[in-house]
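# Structural overview for review
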Amino acid sequence: MALPTDRLELNVIDSHTGGEPTRTIIGGAPDLTGDNIAEQIECLRAEYDWIRTALTHEPRGYEAMVGALLLGPENPDAVARVVYFNNVGYLGMCGHGTIGVAATLSYLGKISPGEHLLETVTGDVYFTLHEDNRVSFRNVPSYRYKTAVPVQTKSFGTLTGDIAWGGNWFYLCADHGLEISINNLDKLNRCCREIRSTIDAEGIGGENGGIIDHVELFGPPRREDAQSINYVDCPGGEYDRSPCGTGTSAKIACLAAAGKLQPGESWGQESVTGSLFEGSFEWQGDKILPRIMGEAFVTAETTVVIDPTDPLTFGFSQKQSPA
């Protein structure tokens, strides 16, 4: 990867979805080579990864920051092609990011209320922009892969959880015995770290060797309009401030597989910060098509200056890998 030697600028719009930030690049990024989105992501990774680190690492970003690069779509019916990334790499799909991108496109006057299509590396994602800052999206087909998978932890004993796909691979656990609260983040983080350590050491994964890069803990909700509260540990070592769109999809897939949620029924998923996603599903063969609704707000419109004379312009991070 060659770093730029001349000063340049990136145009970005920041938003938050239920407290979780999305930084969307709307201008200034280089053209990416490739016949499809997977090849474009590989070009971005190999030649321009400094964009990711500059926007998601300190001093401009932090571990919870998720980036979204808007590209021209292949399908003329799509409003954009989007690549999601965070402080450690590139994401297959990002639920809160999709809601944030929708809010950004609305802010720019690019879309009006109604249904729209986004192209992602995991497949086409349809979202609906509503009149009140809310966005609902139909996620990629999701499913429970394994159930009641035991994991030994140092501090919390043997825990059990399901493995499910919701656009990313999740280990979903409810028998951790911890209060899911913003005041209990240290213990929640330690529990997830220990689960992830065992998963990595024992080679526990998703289908076809898929890497489980998210751990999701559940508990009883505080909100009356929610059925569950969650704490989601993300690949970059931070927790999701929102209820996590792909995580809520994975949860609904588990509920559907267990017969605990029926098609069309609503599931209220509260986050550790108190925000809410509403989810439902329909069957597609032996998988589900989840629909997730949340709200996002634009917080800033920014010109990011990349100055090669600044020794920290490409960012620094204490958390370089999900291990």
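Above this text you will find the structure in question.
Residues numbered from 1 in each chain as written. Predicted model: local features only at pLDDT ≥ 70, side-chain atom pairs only at ≥ 80, totals over all residues. Heavy atoms only, no water.

## Considerations on empty space enclosed by the protein
- Applying the stated criterion across every chain, the model contains 1 cavity of 30 Å³ or more.
- Computed from the structure, the largest cavity encloses a volume of approximately 170 Å³.
- In terms of lining, the largest cavity is formed by 23 residues, of which the most central are V66, L91, H214, C234 and D240.
- Listed by contribution, the elements that provide at least two residues to the lining of the largest cavity are helix 3 (95-107) and helix 5 (245-257).
- For the lining of the largest cavity, the per-class residue count stands at 10 nonpolar, 9 polar and 4 charged. (1 Å grid on protein atoms, 1.4 Å probe; cavity = no way out; pocket = protein on both sides within 12 Å on 5 of 7 lines; lining within 4 Å. Points joined across faces, edges and corners; volume = space filled by probe spheres on them. Helix = DSSP H or I, 4+ residues; strand = E, 2+ residues; numbered from the N terminus. Nonpolar A, V, L, I, M, F, W, Y, C, P; charged D, E, K, R; others polar.)

## What to know about the environment of Q227
- On the secondary structure map, Q227 appears in the loop between strand 12 (214-219) and strand 13 (228-233).
- Spatially, the C-alpha atom of Q227 lies 5.3 Å from that of G268, the residues being 41 residues apart in sequence.
- When near neighbours in sequence (up to four residues on either side) are disregarded, Q227 contacts P221, S266, W267 and G268.
- A polar contact of 2.5 Å, which involves the side chain of Q227, links it to the backbone nitrogen of G268. (Contact = heavy atoms within 4.5 Å. Polar contact = N/O pair within 3.5 Å; in protein donor to acceptor, adjacent residues only side chain to side chain.)

## Details of the pairing of strand 16 (residues 287-306)
- By the bridge criterion, 10 bridges tie strand 1 (residues 8-17) to strand 16 in an arrangement that is antiparallel. Bridge pairing in strand 16 links L10 to V304.
- Relative to strand 16, strand 15 (residues 276-284) runs antiparallel, the two being bridged by 7 bridges. When the bridges of strand 16 are listed, S280 appears paired with R291.
- Counting the residues that bridge the hairpin from strand 15 to strand 16 gives 2 residues, and of these G285 lies at a positive phi of roughly 65°. (Pairing = 2+ DSSP bridges.)

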